Amino acid sequence: MREATPEERKRYYRDEWSSKDLPDYVLHTLSLREFGFDHEGKGPSDRYNQFMTPDELSDYLCDRYPYAVYCSVALYERPSERKKWLKSELAFDIDAKDLPFKRCDCSGGDVCELCLEDARRVTAEFGETLSSDLGLNNISYVYSGRGFHIRVSDDSVMEMGQASRSQVVEYVTGGVVPSDVTLSLGYSRVFRERAKRTFEELSEEDLVENGLGRSSAKKLMKEKDKAVDLIKKGKFDNIRNFEGIGPKYFKRLMDFLTRLNSEYTDGKVTIDKKRILRVPSSLHSTVSRKCVEIKDIHNFSFEKAMPNFLNEG
Ligand SMILES: [Zn+2]
């Protein structure tokens, strides 16, 4: 992956981009959204823009071919002043470069097919929870260039305040230990699944870094299958009785697991009702990939995100 040149950006918006590539949820509410632009690759400093029609946006993009294009998850009566907030999509940002565990050697802002594939899997999991557990229907997925966005536009979530959005993040990620655990039923399915996934990734080294003595960490890793099985059944508390664990370390382990769970997405994005996100169909110039709406998150091919200028040489 490499950076796009200004000439390539120009060609992209002039020859390849079309307002028809905007997802319906943006197209139908275009004039109510705040647009933000990054002209120099230093972040979206040009904010408070409003476009009344898709053609107006199109003219602007052909004329200015910005480095990056963003729009608000919020709808406003007066988007050019960011005033008279009406409602906001509920958004999740799953960035491949920020995953807590990696199978690859990517560092800094780099991503590769492996970490992108892991980010895609997490995105699909979160989407599944939003739809089957929380009963949400209008869930859209976007490949953002270095990761994925989930954008939910059901009426029931669009009017939510920050506190409710924060609860949704905690539930979907398994970012807090649920407080309503009953002895007979154990932890919720979502929490068990997230904790299991994270626990499976843990190494002896991770445990030692989190304060467990070397010999206890070794013992816990030796019994990993047994621990995973207990987590699957929601019987976390039994891990407390493992040799060398005890109540104090057990509490620490649970805090560690929930913290790692919450690192799969940037919770600040979901809570922020005035956030701007990269516009699907726009160009991610740092990596020369198109930010694209995804029809089927289970069968997404990264080929779809290749701009023509990469193939034309
Ligand atoms: Zn990678």
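None of these values were measured; they are calculated from a predicted model.

**Student:** Can you help me understand the overall build of the chain in this one?
**Tutor:** Check the secondary structure of the chain and you find 13 helices and 12 strands. Here the C-alpha atoms of the chain give a radius of gyration of 22 Å, agreeing with the 20 Å that 2.2 N^0.38 yields for 313 residues. Seen through its principal axes, the chain has C-alpha atoms that stretch 65 × 45 × 30 Å. Sorting the 313 residues of the chain into buried and exposed places 49% on the buried side. In the chain, once contacts between residues fewer than 6 apart in sequence are set aside, the share between residues at least 24 apart is 67%. If you sum the accessible surface of the chain, you get close to 15,000 Å²; carbon and sulfur atoms cover 45% of it.

**Student:** I would appreciate a short explanation of the nonpolar core in the present structure.
**Tutor:** Nonpolar side chains in soluble globular proteins generally cluster together in the buried interior. Membership of the largest hydrophobic core comes to 58 residues, with the highest contact counts inside it found for Phe92, Leu130, Ile150, Phe199, Leu202, Leu207 and Leu220. Lining this core are residues from two domains, each supplying at least three of them: domain 1 (1–161 + 273–313) and domain 2 (189–262). Look past the residues within four positions of leucine 207 in its chain and what remains in contact with it is Leu202, Leu212, Ala217, Leu220, Met221, Tyr249 and Leu253. With 21 residues, the next largest nonpolar core counts Tyr13, Trp17, Phe37 and Tyr60 among its residues.

**Student:** Even after reading the chapter, I still don't get the UniProt feature "active site" (unreviewed entry) in the chain, so can you show me in this structure?
**Tutor:** The feature "active site" (unreviewed entry), as given by UniProt, occupies Asp93, Asp95 and Asp266 in the numbering adopted here. Across 174 residues of sequence, these annotated residues stay compact in space, with a maximum C-alpha separation of 8.0 Å. Structurally, the position occupied by aspartate 93 is in strand 6 (residues 90–95). Judged by its relative accessible area of 14%, aspartate 93 falls in the buried class. Beyond its immediate stretch of four places on either side in the chain, aspartate 93 contacts Phe148, His149, Tyr264, Thr265, Asp266 and Val269. By the secondary structure assignment, aspartate 266 is in the loop between helix 11 (246–262) and helix 12 (267–271).

**Student:** Would you mind going over the coordination of the zinc ion with me for this structure?
**Tutor:** Ideal donor angles around a metal are set by the shape: a four-donor tetrahedron calls for 109.5 degrees, a six-donor octahedron for 90 or 180 degrees. The protein atoms that coordinate the zinc ion are Cys104 (SG), Cys106 (SG), Cys112 (SG) and Cys115 (SG), at distances of 2.2 to 2.4 Å. Taken together, the 4 donor atoms surrounding the zinc ion define angles of 104 to 113 degrees at the centre, an arrangement classified as tetrahedral. The motif formed by the donor residues of the zinc ion, counted along the single chain, is C-x1-C-x5-C-x2-C.

**Student:** Would you take a moment to explain a negative patch on the surface for this structure?
**Tutor:** There is a patch of like negative charges on the surface, built from Asp55, Glu56, Asp59 and Asp63. Assignment of secondary structure puts aspartate 55 in helix 3 (residues 54–64). Assessed through its relative accessible area of 55%, aspartate 55 is described here as exposed.

**Student:** Help me understand the packing of aromatic side chains in this model?
**Tutor:** Aromatic ring pairs are described here by two measures, namely the spacing of the ring centres and the angle between the planes. The full count for this structure, using the stated rule, is 16 aromatic pairs. Considering the side-chain rings of phenylalanine 191 and phenylalanine 236, the 5.5 Å spacing of their centres and the 25 degrees angle between planes classify their relative orientation as stacked. Of the two residues, phenylalanine 191 sits in helix 7 (residues 189–201) while phenylalanine 236 sits in the loop between helix 10 (224–232) and helix 11, which places them 45 residues apart along the sequence. We note that phenylalanine 191, like phenylalanine 236, is buried.

**Student:** Looking at this structure, how should I read the sheet that holds strand 8 (residues 147–152)?
**Tutor:** The strands that make up a sheet pair up through hydrogen bonds in the backbone, lying either parallel or antiparallel. The strand order across the open sheet formed by 4 strands is 6-8-7-12, and the pairing between neighbours is antiparallel. Whereas interior strands pair on both sides, the edge strands pair on one side only; in this sheet they are strand 6 and strand 12 (292–294). Across the sheet, the mean angle from the axis of one strand to that of its neighbour is 25 degrees, orientation sign disregarded. Where strand 7 (residues 139–143) lies against strand 8, 5 bridges are found, and the strand directions are antiparallel. Note that in strand 8 the partner of isoleucine 139 across the bridge is valine 152. Across the sheet, helix 4 (residues 113–133) touches strand 6, strand 7 and strand 8, and the angle it forms with strand 8 is around 15 degrees.

**Student:** Looking at this structure, how should I read the domain arrangement of the chain?
**Tutor:** Buried accessible area, meaning the area lost when the parts come together, often serves as the stated size of an interface. By the assigned domains, the chain splits into domain 1 (1–161 + 273–313) and domain 2 (189–262). One C-alpha centre belongs to domain 1, the other to domain 2; they are set 36 Å apart. Buried area between domain 1 and domain 2, both sides added, is near 720 Å², and the carbon and sulfur share of it is 53%. Summed over the shared surface of domain 1 and domain 2, the number is 3 residue pairs in polar contact (both at pLDDT 80 or more). Residue composition of the side of domain 1 that touches domain 2, grouped by class: 4 nonpolar, 1 polar and 2 charged.

Definitions and cut-offs
Residues numbered from 1 in each chain as written. Predicted model: local features only at pLDDT ≥ 70, side-chain atom pairs only at ≥ 80, totals over all residues. Heavy atoms only, no water. Helix = DSSP H or I, 4+ residues; strand = E, 2+ residues; numbered from the N terminus. Rg over C-alpha atoms; globule rule 2.2 N^0.38 Å. Buried < 20%, exposed > 50% of the residue type's maximum accessible area, 1.4 Å probe, protein only. Contact = heavy atoms within 4.5 Å. Areas by Shrake-Rupley, 256 points an atom, 1.4 Å probe, with all protein chains shown as cover. Core = buried A, V, L, I, M, F, W, Y, C linked by side-chain atoms within 4.5 Å. Domains from an automatic or database assignment. UniProt positions renumbered as here; feature names shortened; annotations may be inferred. Donors = N, O, S within 2.8 Å, 3.2 Å for Na, K, Ca; no water. Tetrahedral: all angles 85-135°; square planar, octahedral: opposite > 155°, others 65-115°. Patch = residues over 30% accessible without salt bridge, like charges linked within 9 Å, V, L, I, M, F, W, Y side chains within 5 Å. Salt bridge = Lys/Arg side-chain N within 4 Å of Asp/Glu carboxyl O. Lys, Arg positive; Asp, Glu negative; His and termini not counted. Charge placed at Lys NZ, Arg CZ, Asp CG, Glu CD. Phe/Tyr/Trp six-rings, centres within 6.5 Å; stacked < 30°, edge-to-face > 60°. Pairing = 2+ DSSP bridges. Axes fitted to C-alpha atoms, helices over the stretch in contact; angles between N-to-C directions. Buried area = accessible area lost by both parts, 1.4 Å probe. Polar contact = N/O pair within 3.5 Å; in protein donor to acceptor, adjacent residues only side chain to side chain. Nonpolar A, V, L, I, M, F, W, Y, C, P; charged D, E, K, R; others polar.

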